[in-house]
Every structure is written in C-alpha cells, then in structure tokens.
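Close look at the chain arrangement
So you can see what is in the structure, the chains are spelled out below.
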Amino acid sequence: MQLSVIIVNYNVKYFLEQCLCSVVKACKNVAAEIWVVDNLSTDGSREYFADKFTSVQFIWNDANIGFAKANNVALKMATGKYILFLNPDTILPEDCIEKSLAFLNTADKAGGMGIRMIDGSGKYLPESKRGFPSPLTSVFKLCGLCSLFPKSATFAKYYLGNLPENTNNEIDVLAGAYMLMPKIVLDKTGGFDESFFMYGEDIDLSYRIQQAGYKNYYFAESTIIHFKGESTQKENMRYLDLFYGAMILFVKKHYNKRIAGVYGLFIRMALNVKSMLATIKSFLSNPSGDNNNHLKTEASLVVVADASYNIIEGVLQSGLSKMKITGRLVPLVENNKEAIGNLSQIQSFIKEHAASEVVFCEPDLSFKQIISVLQDLPKDISFKFHAAGSNSIVGSNSKNSRGEFISFT
C-alpha cells in the first residue's frame, strides 16, 4: 500500500461527498486506501454514506473525540507507506496526489509537506504556509498588522508572507487541511497530540517533525480548494477562544514558562480588544438587530456543463434553490444549440448577463480545470461545485462563514 488517506468528518456530509469524489479520482493511479472517521455527526452522515463509496473504509465513533484523536484512530489501522491527513471540505485536482508523492520522494530530508490552497471563491489562502507562533507573531496577526503588511518577514511571519505563494519552499507549519508525510516519520514522532481537541495539533506535529531532524515543505505546483468555515465560523469568539487556546497550549508545551506566560497575557488582551471591536462593528452595521436584510434574493446563474446539465437544471428548477438559470456554457468550443457559449467566453458572459453565480460540473470539466478557471474569475460572485455521481451541490464564498449546499435527495 503506497498511500493511506485519512479524513475526519463532523456534520459536513455534502462537502465530504464532493471531497471523496475528487480523492477517489486523484488516487486512480496510486495504490491507496481511504479512511473516513466520523465524530458522531448529527447531520445523518452515517445513513447518507450507507451505500456510497464502497471502496472507502468508514469508522463511526460513538462520541465526538476531537480532531487529533480521531485521526489517530485511523492512523493505527493505516498500512500505507505515506499518510495524507485531509480535511473533508477540500477538493483535489486529479494529478495532485501523484505530484505530491513525487515531490516528497525527492525533497531533502522530507518530514512532511503542505500544499497551495484556495478558498471556494478562488482566493489564495495564506495559511497554506505558516511559521511557528510566538507572542509577537500572534499579536501582529490579531491586531491586523499581518494583513496590512502581507509580504513582511516580520509582521506577516505567521503566514511567512515573505515567501512567494507560487514557489516551493521549506516552511515551519503544515496546514492540517492537507498534511502528507512518510509513515516512517510518524513512527518516530508519534501521531497527533490528543491534548489538542481542535486546532493547534498540526502546529504541534510540524514542530515535532522538525525536532526529529526532518524538514517541512510547502508545495506550490498543485492547488486544492479548501472551503474552510464548515466546522466553525471563523469570526465568532468561540472559534477565537478555541484557536488561540490551542496556540497557548502549544507554547506551554514547547517553550519556557516565561514565554508561555507572556504569550497567554498578550493573547487574552488582544482577544478582549477584538471582541469589543466586533461588537461595535456589528451594532453599527445593524443597529436595529433586524436580520431581514440578510435574506438572499433570487440571482442569475451560469451553469458550466454539458452531460450534467439536465440534472442540474432539474434540481435548480424544482424549488430546492432560489437561483434561476440564465444560460449555460459548454466546456469545449463546439456547436451546441442549447448553450449560449463555451468556457473560453465565461468572463464576458458573466459581465454581459450580470451573472451572480457559476456552477461548475464535473466530469464535464475536470477538477483540475475547475480549480484553474476559478482563480481567474471575479471574486464578487458565488461559485458552486457538483461532482459526477454525487447527490449535492456545494459552495462557500467566505472562509469566515458556513458554506451552502443543495441536496438532490
């Protein structure tokens, strides 16, 4: 067995469905096993996958044991030479895993590698490459200096902003959404530290990989979609408490007590300020507390599809969605009386028809094509994705909020 893919699921069954469709295709030429560990989801995940993905091995926990511990459950059973820890809210291009394995095989003293990631709107995710947390690094991020100076080696050290996003580089922290490493490295370092319930476990493991004499790498020659925001809304205080609480735990474990104390003090002060500013911002933007202005209105829709068009059209016109189809584009330059154009015209079509949403359908387009096209399109419209054989359409316009889905069932 060359590769073991391990995915932890918690209440994101439709995003997991799209993820598995892409992973199965990415493993086509690789001797691989796929493990899904479910942390007692309450969204009907177990029933939904009862007769789907027969090649995938599902483990159904009877409690939410946390991200780190759930990964370790599958790790104990994995037989692959390499281990890929993967988030369920991701989509991989078809050649991603083969490219990743080839890179890892040639990289000097490779302990693990992360990958270039974009969100559901095509924006580059700076957390694709990160440095280890320190008091100043974390405060620069919390107070906004990291965003103001995104290329600074000092203020943007959290995201290693001085390193170009399109170049392979040695880094400190591997993002937990896509962590590929040789099993022999994990045999030496151990798996995830189960003291970390959620967040921080990827930083801790990355640190121990370096301490064992290996190097961590950022791989820029392939790009995946990471929707983010599916398990926790990134702007609420519960997330901030969990995330920075994990950072404090990491610092206490690996740094001296004096640094850990200073770090904790800085973080708590910064969180209090951030909470106050978020409350003021929320009140100023909606002083009446009326949420009616957030209701979605019907918008136009572009569907890029051919073979899948009838399925998508039926779903979107069945009342399951408020969207209406203004036209469809076919992937290739060809004569098609029912289509208004082809993929090469998508930019002009979006502008001409004031399209507010695009639905990409696989296999009319490959996952790799979708990811490539997505990055060149306007960021002020919505995108959704449908994998061949799936019973859902998913999308997420922001890493800070939950995504959307339409189910066919």
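Residues numbered from 1 in each chain as written. Predicted model: local features only at pLDDT ≥ 70, side-chain atom pairs only at ≥ 80, totals over all residues. Heavy atoms only, no water.

With respect to the overall build of the chain
Scanning the chain from terminus to terminus reveals 13 helices and 16 strands. When each of the 409 residues of the chain is scored for burial, the buried share is 55%. Pairs at least 24 apart in sequence give 74% of the contacts found in the chain among residues at least 6 apart. Carbon and sulfur atoms form 53% of the exposed surface of the chain, whose accessible area is close to 18300 Å². (Helix = DSSP H or I, 4+ residues; strand = E, 2+ residues; numbered from the N terminus. Buried < 20%, exposed > 50% of the residue type's maximum accessible area, 1.4 Å probe, protein only. Contact = heavy atoms within 4.5 Å. Areas by Shrake-Rupley, 256 points an atom, 1.4 Å probe, with all protein chains shown as cover.)

Quick notes on the pattern of salt bridges
For the structure on display, the rule yields 10 salt bridges. Put simply, Glu404 and Lys384 hold a salt bridge, and the shortest N to O gap is 2.9 Å. One end of the pair, Glu404, is in strand β16 (residues 404-407); the other, Lys384, is in strand β14 (residues 382-386), with 20 residues separating them in the sequence. Take Glu404: its relative accessible area is 24%, and that puts it in the partly exposed class. A relative accessible area of 7% means that Lys384 is categorised as buried. Residues joined by salt bridges that share partners form a network here, namely Asp95, Lys99 and Lys368. (Salt bridge = Lys/Arg side-chain N within 4 Å of Asp/Glu carboxyl O.)

Some thoughts on the nonpolar core
Within the largest apolar cluster, 68 residues are counted, with the highest numbers of intra-cluster contacts made by Ile97, Tyr178 and Phe360. If one sorts the elements of this core by residue count, helix α1 (residues 13-26) sits on top with 8 residues. If you look at the next biggest cluster of nonpolar residues, it comprises 27 residues, including Trp35, Ala68, Leu174 and Val185. (Core = buried A, V, L, I, M, F, W, Y, C linked by side-chain atoms within 4.5 Å.)

Notes on empty space enclosed by the protein
Considering all chains together, one arrives at 1 cavity of 30 Å³ or more under this definition. A volume near 50 Å³ is recorded for the largest cavity. Around the largest cavity, the lining residues are Gln18, Ile91, Ile225, Phe360, Phe367, Ile370, Ile371, Phe385, His386 and Ala387. Residue assignment for the lining of the largest cavity shows that the elements contributing at least two residues are α13 (367-374) and β14. The biggest single contributor to the lining of the largest cavity is α13, with 3 residues. (1 Å grid on protein atoms, 1.4 Å probe; cavity = no way out; pocket = protein on both sides within 12 Å on 5 of 7 lines; lining within 4 Å. Points joined across faces, edges and corners; volume = space filled by probe spheres on them.)

Here we look at the packing of aromatic side chains
Applying the stated rule across the entire model yields 18 aromatic pairs. Pairing Tyr14 with Phe405 gives two aromatic rings, centres 4.6 Å apart and planes at 35°, and the pair type is tilted. On the criterion of sequence distance, the pair formed by Tyr14 in helix α1 and Phe405 in strand β16 is long-range, its members being 391 residues apart. Here Tyr14 falls in the buried class, since its relative accessible area comes to 10%. Assessed through its relative accessible area of 47%, Phe405 is described here as partly exposed. Ring centres of Phe67 and Phe192 lie 6.0 Å apart, and the angle between their planes is 55°; this geometry places the pair in the tilted category. With Phe67 in helix α3 (residues 67-75) and Phe192 in the loop between α7 (183-189) and α8 (201-211), this residue pair connects regions lying 125 residues apart in the sequence. You can call Phe67 buried: its relative accessible area is 18%. On the accessibility criterion, Phe192 (5% relative accessible area) is buried. (Phe/Tyr/Trp six-rings, centres within 6.5 Å; stacked < 30°, edge-to-face > 60°.)

What to know about helix α4 (residues 96-106)
Listing the buried residues of α4 in full gives Cys96, Ile97, Ser100, Leu101, Phe103 and Leu104. Here the buried residues of α4 occupy an arc of 165° about the axis, which is enough to place them on one side. Those residues of α4 hidden inside the fold are in contact with β1 (3-9), α1, β4 (82-86), β6 (110-118), β8 (178-182) and β9 (215-226). (Arc of directions from axis to C-beta.)

A few points about the pairing of strand β2 (residues 32-38)
Regular strands place their side chains on alternate faces of the sheet. Along β2, 6 of the 7 residues are buried, which leaves the element largely enclosed by surrounding structure. By the bridge criterion, 7 bridges tie β1 to β2 in an arrangement that is parallel. Within the sheet, the bridge partner assigned to Ser4 lies in β2 and is Glu33. The β-α-β motif built from β1, the intervening α1 and the parallel element β2 has right-handed crossover chirality. By the bridge criterion, 4 bridges tie β2 to strand β3 (residues 57-60) in an arrangement that is parallel. (Pairing = 2+ DSSP bridges. Right-handed = clockwise from strand over helix to strand, strands pointing away.)

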